[in-house]
Amino acid sequence: YMLLASPRVAVDRSKVQPKNIVFVLDRTGSMAGGKLDQAKAALKFCLTKLNAGDKFNVVTFNESPTVMFESLKTVDAASRKKALDAVDAIESDGGTNINAALPRAIKLFHGTDSSRNYLIFLTDGLPTVGVTNPETILTNVSAANKSHVKIFAFGVGYDVNTHLLDKLAEQSKGSTDYVRPSEDIEVKVSTFFAKVSDPILSDVEVKISGVKTSDAFPSADIPDIFRGSQLIVFGRYDGSGDVKVELSGVSNGSRKAFVLRADLPGEEKGNEFIPQLWASRKIGYLLDEIRLHSNQELIDEVVRLSKLYGIPTEYTSFLADERKTDVAFKDDVVRMKHAAKEAAKVQSGSFGVAQSTNARGQRNAAQSPAATMPAPGYGGMGGFKIVGSAAPNGRFGGTYQDAQDRTVVVANVQNIARRTFYQRGDYWEDADLCRRLRARGYHV
């Protein structure tokens, strides 16, 4: 099933719950020049968009952190101007001591009683000073985070430890994003902050009764709903008939509930795109578990879903090999295990960023691959490459970012009307049909 939720909520500005937010800015020598200028512009944008009543602070760091105010400061004209002037004066030098900066920033939230404690972290480097072991940093940040602060991390450039940033966000129920060398830090951070600064519904919960549901993505930690956005949930259900969907969340200081009643069929022939998007999201969650926690038990499920639904990933690219006709499932699993093991060794650089980007893209999948070949200039830092040749219908299949941050367009795998086809030379192979025929002993 697919659930689209865009509740109509009239926000009373006088009752909007204030937020506590700390901005942590890497001002080390590697940020010198355009990166620091863009980061400062992004920070100034965020400061101008804070609401009256919000509390904030700014922490800059190199070998040691510098805190702008002694404690969280309530937003008013004077505090905002002082912060903006201080941001203008920030200069870059020194090494990167993340272990000192983040616990110090989190300490500023101690004593707050709010579910809206946010930390925005901008860095372009690996930890080089003080404690540099990523697992130790994660442990120290987690131990310091008694106020349930959500960390939103932005990695600037390729020289960042993507495993560290992704795990910081994961353990705090935040999120990560990466600013490639060709992208503007100000645009990316400003767009993010404008969206998340004022949710119309926070602490969101979804309950479905009447049928048995499973494998919903997202299920835990459902994101807040913001003005102009909608919640999209994909999941599986068993049964049919009348169902009750209850969506609830906090708005204007109190919890509100919205109820939808619907009739779910036992079988639906239309909406062929839903199973593939559900599978994409599940693969995204599984890839994160495999990439960040070395959970090898999940690899066979990624291979199964990738083959069944024609969803390419950087770890299962071999499935699109046109010379491959009849390879045992266990051999595919072995190949993915090897690919995932080698990829897990890469935690920074273009491939580290690409892996995080791929998993995030799958987790948030909301539409099927585009139906036409990409135009020149499409892709990441390395442009794009096409695997296979375009089908007569003009579709180009799924995509992923490779180790050079190129967008790989998998043209020789197509998902049409709930069936997956693989291009094998000058013909197309129906994956499910061939699988069933082989199981019966036929050679195809």
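To start, this report covers the structure provided alongside it. (Residues numbered from 1 in each chain as written. Predicted model: local features only at pLDDT ≥ 70, side-chain atom pairs only at ≥ 80, totals over all residues. Heavy atoms only, no water.)

1. Topic: the side chain of Ser147
When you line up the elements, Ser147 lands in the loop between helix H4 (134-144) and strand S7 (150-156). The residues touching Ser147, leaving out its near neighbours within four places in the chain, are Phe109, His110, Gly111, Thr112 and Asn117. (Helix = DSSP H or I, 4+ residues; strand = E, 2+ residues; numbered from the N terminus. Contact = heavy atoms within 4.5 Å.)

2. Regarding the packing of helix H5 (residues 162-172) against helix H7 (residues 273-293)
Here H5 crosses H7 at 120°, and the two axes come no closer than 10 Å. Classified by the angle their axes make, H5 and H7 are oblique. For the pair H5 and H7, the crossing hand works out as left-handed. Across the interface between the two elements, Thr162, His163, Asp166, Lys167 and Glu170 of H5 pack against Glu289, Arg291, Leu292 and His293 of H7. Class assignment of the residues belonging to the contact of H5 with H7 gives a composition of 1 nonpolar, 3 polar and 5 charged. (Axes fitted to C-alpha atoms, helices over the stretch in contact; angles between N-to-C directions. Parallel < 35°, antiparallel > 145°, perpendicular 65-115°, else oblique. Left-handed = near helix turned anticlockwise from the far one by under 90°. Nonpolar A, V, L, I, M, F, W, Y, C, P; charged D, E, K, R; others polar.)

3. Quick look at the sheet that holds strand S20 (residues 427-430)
One open sheet holds the 3 strands; their spatial order is S18-S19-S20, and the pairing between them is antiparallel. Each edge of the open sheet carries a strand with a single partner, namely strand S18 (413-416) and S20. Here the average twist between neighbouring strands, direction ignored, is 30°. As paired elements, S18 and strand S19 (residues 419-424) share 4 bridges and run antiparallel to each other. Its bridge partner being in S19, Ile416 is matched across the sheet by Arg419. Across the sheet, helix H8 (residues 299-309) touches S18 and S19, and the angle it forms with S19 is around 85°. (Pairing = 2+ DSSP bridges.)

4. Describing the side chain of Lys40
Examined against the element boundaries, Lys40 turns out to sit in helix H1 (residues 34-48). Buried and unpaired, Lys40 has Asp37 as its nearest opposite-charge partner, separated by 4.9 Å. In this view, Lys40 contacts Val87, Asp88 and Ile90; residues no more than four positions away in its chain are not counted. (Buried < 20%, exposed > 50% of the residue type's maximum accessible area, 1.4 Å probe, protein only. Lys, Arg positive; Asp, Glu negative; His and termini not counted. Salt bridge = Lys/Arg side-chain N within 4 Å of Asp/Glu carboxyl O.)

5. Overview of the packing of aromatic side chains
For any pair of aromatic rings, the description consists of the separation of the ring centres together with the inter-plane angle of the planes. Taken as a whole and assessed by the stated rule, the structure comprises 8 aromatic pairs. When the ring of Tyr118 is compared with that of Phe152, the centres are 5.8 Å apart and the planes differ by 75°; the resulting orientation is edge-to-face. With a gap of 34 residues between them, Tyr118 in strand S6 (residues 117-123) and Phe152 in strand S7 connect regions that are remote in the sequence. Of the two residues, Tyr118 and Phe152, both sit in the buried class. With 5.2 Å between their ring centres and 70° between their planes, Phe154 and Phe192 make a pair best called edge-to-face. (Phe/Tyr/Trp six-rings, centres within 6.5 Å; stacked < 30°, edge-to-face > 60°.)

6. A closer look at the environment of Lys256
The residue Lys256 is located in strand S14 (residues 254-264) in this model. With relative accessibility at 29%, the residue Lys256 sits in the partly exposed group. Each C-alpha atom, one on Lys256 and one on Asn140, is 37 Å from the other, the two residues being 116 residues apart in sequence. Excluding its chain neighbours within four sequence positions, the residues that come into contact with Lys256 are Leu247, Ser248, Gly249 and Ser251.

7. With respect to the sheet that holds strand S15 (residues 384-387)
One open sheet accounts for 3 strands, arranged S15-S17-S16; its pairing is mixed. Unpaired on one side and paired on the other, S15 and strand S16 (399-401) mark the two borders of the sheet. Strand-to-strand twist of the sheet, defined as the mean angle between neighbouring strand axes without regard to direction, takes the value 25°. Summarising the sheet, S16 and strand S17 (residues 407-410) pair through 3 bridges and their orientation is antiparallel. Of the residues in S17, the one forming a bridge with Tyr400 is Val408.

8. Description of the nonpolar core
Within the largest apolar cluster, 35 residues are counted, with the highest numbers of intra-cluster contacts made by Trp278, Leu287, Ile299, Val302, Leu305 and Met336. Broken down by secondary-structure element, the contributors of at least two residues to this core are strand S12 (231-238), H7, H8, helix H9 (329-344), helix H10 (349-363) and S17. When near neighbours in sequence (up to four residues on either side) are disregarded, Ile299 contacts Ile290, Val333, Met336, Lys337 and Ala340. The next biggest cluster of nonpolar side chains, apart from the first, holds 32 residues, and it includes Ile21, Met31, Phe193 and Val196. (Core = buried A, V, L, I, M, F, W, Y, C linked by side-chain atoms within 4.5 Å.)

9. Focus: the packing of helix H3 (residues 98-107) against H4
Packing of H3 against H4 leaves a shortest axis separation of 9 Å and a crossing angle of 10°. In terms of axis orientation, H3 runs roughly parallel to H4. Only Thr136, Ile137, Asn140, Val141 and Ala144 of H4 make contact with H3, whose side of the interface consists of Ile98, Asn99, Leu102, Pro103 and Ile106.

10. Regarding the pattern of salt bridges
Side chains that differ in sign of charge can pair as their charged atoms come close. Scanning the model with the defined rule gives 22 salt bridges in all. Close ionic contact of Glu301 with Arg304 constitutes a salt bridge, the shortest N to O distance being 3.0 Å. Within this pair, Glu301 and its partner Arg304 are both found in helix H8, separated by 3 residues, close to a single helical turn. Overall, the relative accessible area of 36% leaves Arg304 in the partly exposed class. One connected set of salt bridges, linked through shared partners, spans Asp166, Asp288, Arg291 and Arg363.

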